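What the coordinates show
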Amino acid sequence: MRIRSSVFACFCLILEVLGIALFLRGFFPVPIKSSFSSKSKLSDVPPEPFTGRSLNSSKVPDALFKRVVIVLIDALREDFVFGPNGRKYMPYIRHLVERGSTYSFVAKARPPTVTMPRIKALTTGSIPGFIDVVMNLNSPALLEDNLIWQAKAAGKRMVFYGDDTWVKLFPKHFMEYDGTTSFFVSDYTEVDNNVTRHLDSTLKRDDWDILILHYLGLDHIGHISGPHSSLIQPKLMEMDDILKKIHGSLILKEAEGALPYLLVLCGDHGMSETGSHGGSSEHEVNTPLVLISPAFKKKVGMEKPSTVEQVDLTPTLALGLGLPISQNSVGRLIQPVVDEASLRDQLRFLHLNGHQLSYLLKDSMPAYEKEEGYEQFRVAEKSHGNWVKLVVEGNTSEVLTNMGKKVFKQYLEALRAMSEALSKQLGKYDIYSMVVGMVLVFQLLLLLLLAMPEALSSASEVDLPVSSALLSLPFYLLCLLLSSVHVLVCTSAESSCYFCSLSWGLVFGAVALSSALLCILVSMAARRGGKPPGKSPSHGGVSGGWSLSELDILLLAGTAGHTLSLSASSFVEEEHQVWYFLLNTLCLVVFQDVCRKYFRERRANFGSLEDEDYLLPSNEGDAVASPLSDLGVTDAGSEKWLALATPPLTLACCRLLRSLNQTGVQWAHLPDLGHWLNSFEHKMVLSLFAALSLALIYFLVQRRCSWVSKIALALGLLGVYSYRAAVGNVVFPWQRGGGNMSNGMVLLVALLFRAHNLPVLCCCLLVQTLMAQFIWKKLHYDAAQTTIMHYWFGQAFFYFQGNSNSIATVDISVGFVGLESYIEAPAFFLTALSTYAGPLLWAAHLVCYLSSEKRSSVAVGHGCYCLALLRSVPAAAYVVLVTALRYHLFIWSVFSPKLLYESMHTLLTTAICLFFTTMEQSRRP
C-alpha cells in the first residue's frame, strides 16, 4: 500500500497525539480520596481515647473563635510582609506582626501555583495536581469534602466578595456574594474596588459568621509589570488600610465574655521575578500567613516566621470553628493557635487531626500499618487514653502534667510523619494506561524511522505492507494475546483504570491497531534488512549509499543530543541553553558552507548548478524575494558579501535576543536588558527601540504586499505603537516621560508582544529573510535540512521571548489585549498565540518557503515528514522518562509542565502537517 509521505506523517502524528493523551490520562494522578464517607459529619467524630469501662465524649471541642475574617490577597509574596520593605509596603500589618496579638508563618504552596488549585488546597486540605491548571480556566463546582461545605452544614452564615472562582467552586454556599472575574488582568483598580465597596455595610452587620475577601489587584499588577513595579507599593498600602479598617471594626464589636474573633491574612500563591506564577520558585511558593486574634499572646518584637504547609490552614480553621476536618485533608493543626486552650482540649484537637489522617493513610497506602506515622499515632492514642483515665479519676500530680506533655509531643511527631507521607504520595498513577500510551508512541516512532528512506526519496511515498500484515497469522495471535492481557489486567487491578473503563469496541480497535503496527514493523524491518546496500534510496532521491554532510551530522547529532538532555531535570529547567548552543553551532557550520561555496569552488561549478536550483524559484517569481533586491543590490559581488555576512549577523541577533529576557529557573531572577528597558527612567530608550523595531518589521514584510496592504500594514503597526503608548509602555516623540495570512500573523504578534520584545519579532523576520535568500537557496539545502533548521530556530525563538518550561513564564495579560471584559475563547487564543509565537512564525515561514518551490509536492512531503519525526523523537523519549521517574516527587515541579509543553507542541505540529497536506492536495492538477 503506497501513500504520500505527508499523509503518512499526518496519520502517525494523529495517532501519536492519541497515544500521548492516553499516557497523560494515566500520568496525572487521581487525587487521594478517602472512602470513609463522602463528607465528614459530626456523628463520625471519634470518641476521646479512654482506657476505662465507659467511653468519653465523642463531640468536637467547643469553637475557639466566634467570627472569622479571611483576607486572601492574590499573589502576595512573603517578602512583601516579612521582608525589608514590609514596613514601607504594609506598615499596620507589620506593626501587628512585631507587637500585636498575632502568629506569623511562611505558608508553602505546592505547585502548580495558580489560583484554582490553591483555593482547593486551602478549603479541602488536599494537594491538587497539574491537571487543575487546565481546569483553572473554567472551574467546576467542588464536590469534594471541604471547609466551606462543613461550615454551611453547621449553620455558619458566610459572606464572600472577590474572585468569582469561589462562587463557581461553591455555588449556593454563601449567604451573600459578589464575584469579580480573575482573568481580566489589565484591570487592577476596579477589580478591588468592587470588593471594598461592600466592606462598610458588611462590617456593621451581625448576621454573618465567616467573611471571605479575595483581592486580585496585586496579581494583575504582577502580570502587567512585575513585582518591582511602581504600582506595587500603592496597592499594598491600599490592602494595608483595608486590613486596618477590618481589624478596627472587629475590635469595636468584641463583647466581653464572648468568643474572640480571628482575622486571617494569606496569599494563594506568590509571584515570580517576572510577575507571573505557576512554577516552583521560592517567590512563587512562599506566601505569608498572619493570624490575628485577642486570644493570642502579644509579641514583644519581630520574630522569624516559622514555616508551615498551606494545607495546614484547613484543619486549623476547622477545629477553631468547631467543625470536622475534611476527609481528604493532608494538613496538620498549626499548634500555636491552640496554645491558650486547656491541655485536654489541645490533646483532643491533635487526636481528631490524627484520626482523620490515619483513615486517609489507610485508603492511600496498602502497607499503611508499616508507616512510621501510623505506628506513632497508635502509641500516642493509647498513651492519651491512659492520661484521660487519670484525669477522670481526679489525679492532679505533676506526673500527670509531664505525661500530658509527652503525649502532646507524640501526637505532633505522628501528625508530621503522616502528613509528609500523604503529601509525597500525591496520587495514584494509572500504570496500565501509561504503558499502553507509551507502547503506541514508540511503535509510531519506529515506524517513522523505518519509513524514513522511502519518505525522503524523490517519489516522496511510503510503501506500507498493510494487507500482508492484516492477513498474517501473527496478527491474529497478537490480537488474541493482547486481548487476554487486557482482560487479565482489568480483572486483577486493585484501582480503577481509565483504559479498562473504555468500551470493548474502542479497546479492540486499539488492540488491532497495536498488533497491526507491530506486524508492519517486523515486515518493514525484514524488507529493509534483505535489500542490498546499494538499493537504499539516497538522501537526494537517487540510488546509492547514504551520504551525510557535516551539516547533516550536526542536525542529527544535535536533535538526538537534545532528546538525551531531557533525561536530566537541570537540562529541562535550562533547556534554552541547549537551543542557544545548537543555534550558534549551526550558524558556524553554515558560515563554513558559505565560505566553501564562494572561496573554494570554481565559478564554473556555480553555472552548472543553476539549473538544479529546485528549492526556490527565481527572483522573478519568488514569493520570498529579498527586500535587498528592491534596493537594486543584485550583483554577484554584493550577493557574495551579503551571504558571508548572514551567519555572523544571525549570531549577533541571537546574542542580542539572549540578553533581552533572562529565562529558565536557576537564573531567571537576574536582571536583563528587558528589565532595564522597562524601567521608568529608560522609557525614551524603549520607545526608540520599539519604533525602530516596528519600522524594520514594516520594511521586511511590506515587499510581499500590494499598495493597499502596505498602507494597511503601516496603519496597523502605528496602531500597535499607539496601543503601547496608551498603556504607558512607550511614549510618542512629542510626549515627555519621566496582505496575507503571514502579514496578519506578524501584525497580531507585534500587537501582543511586550514593547521590549519587539526586537525578537524584528530579528526573527530579518534572520528568515537573510537565510532564505542567501543560505537555503544558494547552498541548495534540501527540504529535510531546511525543515530541521526551521525547527531549531523556532525552538530557540520560543526561549528568546522569555519563555521557559515553567508555566510561570506564560504571560496571560496578552489574552486581554483589545477586550473590555473576559471572554474565554479569544483570551485563550491570544495567550497561546503569544506564547508560541516563535515556533508559529517559523512554521508559517516554512509553509511559505516550501510552497514557493518548483517541486512543491516533494518538498512539502519531505517537510511534513521531517516535522513529524522531529516531534515524535522527543515526545517518545519524554514519555519513557516520566514513566521511569514517576515515583520521584521532584518531577511534579520540573517534568510535568514540560510534558504539558511537549504535548501542546505535538498538537501544534499535527495541525501544521495537516495544513501541509491540504495545501499539497489543493495544488495538484
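Being a predicted model, the structure only gives us computed values, none of them experimental. (Residues numbered from 1 in each chain as written. Predicted model: local features only at pLDDT ≥ 70, side-chain atom pairs only at ≥ 80, totals over all residues. Heavy atoms only, no water.)

**Thoughts on the overall build of the protein**
- For the protein, the helix and strand inventory stands at 37 helices and 12 strands.
- Counting across all 925 residues of the protein, residues that qualify as buried make up 57%.
- Here the protein has roughly 38,300 Å² of accessible surface; of this, 62% comes from carbon and sulfur atoms. (Helix = DSSP H or I, 4+ residues; strand = E, 2+ residues; numbered from the N terminus. Buried < 20%, exposed > 50% of the residue type's maximum accessible area, 1.4 Å probe, protein only. Areas by Shrake-Rupley, 256 points an atom, 1.4 Å probe, with all protein chains shown as cover.)

**Quick look at the packing of helix α4 (residues 91-99) against helix α12 (residues 232-252)**
- α12 packs onto α4 with a crossing angle of 55° between their chain directions and a minimal axis gap of 7 Å. Judged by the angle between their axes, α4 and α12 are oblique. For the pair α4 and α12, contact is made by Pro91, Tyr92, Ile93 and Leu96 and by Asp240, Leu243, Lys244 and His247, respectively. (Axes fitted to C-alpha atoms, helices over the stretch in contact; angles between N-to-C directions. Parallel < 35°, antiparallel > 145°, perpendicular 65-115°, else oblique. Contact = heavy atoms within 4.5 Å.)

**Comments concerning the side chain of Asp552**
- Residue placement: Asp552 occurs in helix α22 (residues 550-565).
- Although Asp552 is buried, it makes no salt bridge; Arg596 carries the closest opposite charge, 10 Å away.
- A polar contact of 2.6 Å, which involves the side chain of Asp552, links it to the side chain of Gln785. (Lys, Arg positive; Asp, Glu negative; His and termini not counted. Salt bridge = Lys/Arg side-chain N within 4 Å of Asp/Glu carboxyl O. Polar contact = N/O pair within 3.5 Å; in protein donor to acceptor, adjacent residues only side chain to side chain.)

**Description of a nonpolar patch on the surface**
- A contiguous nonpolar surface patch, about 330 Å² in accessible area, is contributed by Leu470, Leu471 and Tyr476.
- Of note, Leu470 is situated in helix α19 (residues 466-470).
- Residue classification places Leu470 among the partly exposed positions, given a relative accessible area of 34%. (Patch = residues over 30% accessible without salt bridge, like charges linked within 9 Å, V, L, I, M, F, W, Y side chains within 5 Å.)

**Things to note about helix α14 (residues 313-320)**
- Burial within α14 is extensive, with 8 of its 8 residues counted as buried.
- Remark: Gly322 follows α14 within two positions and exhibits a positive phi of approximately 75°.

**Some thoughts on the side chain of Asp240**
- Here Asp240 lies in helix α12.
- Although Asp240 is buried, it forms no salt bridge, and the closest oppositely charged side chain is Lys244 at an N-O distance of 7.1 Å.
- Residue contacts for Asp240: discarding those within four places in its chain leaves Tyr89, Met90, Pro91, Tyr92 and Ile93.

**Structural notes on the packing of helix α1 (residues 5-27) against helix α18 (residues 431-455)**
- It is at 7 Å that the axes of α1 and α18 come closest, and there the two elements cross at 160°. Judged on the interaxial angle alone, α18 and α1 are roughly antiparallel. As for how α1 packs across α18, the hand of that crossing is left-handed. Two secondary-structure elements touch here, α1 through Ser5, Phe8, Cys12, Leu15, Glu16, Gly19, Ile20, Leu22, Phe23, Gly26 and Phe27 and α18 through Ser433, Met434, Val436, Gly437, Met438, Leu440, Val441, Leu444, Leu447, Leu448, Ala451 and Ala455. (Left-handed = near helix turned anticlockwise from the far one by under 90°.)

**Focus on the sheet that holds strand β9 (residues 286-292)**
- Overall, mixed pairing links the 8 strands, which are arranged β6-β5-β7-β3-β8-β9-β4-β10 in an open sheet. With partners counted over all chains shown, the strands left at the sheet margins are β6 (176-180) and β10 (306-309), one partner each. For this sheet the average axis-to-axis angle between neighbouring strands, irrespective of direction, equals 15°.
- Direction of pairing for strand β3 (residues 67-73) relative to strand β7 (residues 210-215): parallel, over a ladder of 6 bridges. (Pairing = 2+ DSSP bridges.)

**Let's talk about the environment of Ser280**
- Its location among the elements puts Ser280 in the loop between β8 (261-266) and α13 (282-285).
- Sequence separation of Ser280 and Gly270 is 10 residues, and the distance between their C-alpha atoms is 9.8 Å.

**Details of the pattern of salt bridges**
- The final tally for this structure, using the stated rule, is 26 salt bridges.
- Between Glu461 and Arg4 there is a salt bridge, and its shortest N-O distance comes to 3.7 Å. Of this pair, Glu461 sits in strand β12 (residues 461-463) while Arg4 sits in strand β1 (residues 2-4); the two residues are 457 residues apart in sequence, bridging distant segments of the chain.
- Look at Glu461 and you get partly exposed, because its relative accessible area is 24%.
- Under the relative-accessibility criterion, Arg4 is labelled buried at 19%.
- Residue Arg416 pairs with Glu413 through a salt bridge whose shortest N-O separation is 3.1 Å. One end of the pair, Arg416, and the other, Glu413, are both in helix α17 (residues 398-425), 3 residues apart, so they sit about a helical turn from each other.
- Assessed through its relative accessible area of 26%, Arg416 is described here as partly exposed.
- Since its relative accessible area comes to 39%, Glu413 is described here as partly exposed.
- Linked through salt bridges whose partners overlap, the residues forming this network are Arg2, Arg4, Glu454, Glu461, Asp463 and Arg527.

**A look at the state of the cysteines**
- Counted by the stated rule, this structure contains 1 disulfide.
- A disulfide bridge connects Cys490 with Cys500, and the sulfur atoms are separated by 2.0 Å. One disulfide, between Cys490 and Cys500, carries an S-S torsion of -90° and so falls in the left-handed class. Of the two residues, Cys490 is situated in helix α20 (residues 473-492) and Cys500 in the loop between α20 and α21 (504-530); the sequence distance between them amounts to 10 residues.
- Classification of Cys490 as partly exposed rests on a relative accessible area of 25%.
- Taking the relative accessible area as the measure of exposure, Cys500 reaches 23% and is therefore partly exposed. (Disulfide = S-S within 2.5 Å.)

**Points about the packing of aromatic side chains**
- Under the definition given, this model contains 19 aromatic pairs.
- Here Phe793 and Trp842 contribute two aromatic rings whose centre-to-centre distance is 4.7 Å and whose plane-to-plane angle is 15°, an arrangement assigned as stacked. Placement of Phe793 in helix α33 (residues 783-800) and of Trp842 in helix α35 (residues 837-851) is noted, with a sequence separation of 49 residues between them. Judged on exposure class, the residue Phe793 and its partner Trp842 are both buried.
- An angle of 45° between the planes, with centres 5.7 Å apart, marks the rings of Phe797 and Trp842 as tilted. Remark: Trp842 occurs in helix α35 and Phe797 occurs in helix α33; sequence separation between them is 45 residues. (Phe/Tyr/Trp six-rings, centres within 6.5 Å; stacked < 30°, edge-to-face > 60°.)

**Topic: the environment of Ala75**
- Note on placement: Ala75 falls in the loop between β3 and α2 (79-82).
- Relative accessible area serves as the criterion here: at 0%, Ala75 is assigned to the buried category.
- Along the sequence, Ala75 and Cys266 sit 191 residues apart, while their C-alpha atoms lie 9.5 Å from each other.
- Not counting residues up to four positions away in its chain, the partners in contact with Ala75 are Phe80, Leu218, Asp219, Asp268, His269, Gly270 and Met271.

**What to know about the nonpolar core**
- Core analysis: the biggest nonpolar cluster contains 80 residues, and Leu586, Ile697, Leu761, Trp776, Trp792 and Phe800 have the highest contact counts within it.
- At 15 residues, the largest contribution of residues to this core is made by helix α32 (residues 758-776).
- Listed in part, the 70 residues of the second largest apolar core include Val68, Leu323, Leu352 and Trp387. (Core = buried A, V, L, I, M, F, W, Y, C linked by side-chain atoms within 4.5 Å.)

**Observations regarding the pairing of β8**
- With 6 of its 6 residues buried, β8 lies for the most part within the structure.
- Of the two faces of β8, the one lined by Tyr261, Leu263 and Leu265 and the one lined by Leu262, Val264 and Cys266 are each fully buried.
- As defined by bridge partners, β3 adjoins β8 across 6 bridges and the pair is classed as parallel. Counted as the bridge partner of Val68 is Leu262 from β8.
- Pairing of β8 with β9, which is carried by 4 bridges, proceeds in the antiparallel orientation. The residue of β9 that forms the bridge with Leu265 is Val290.

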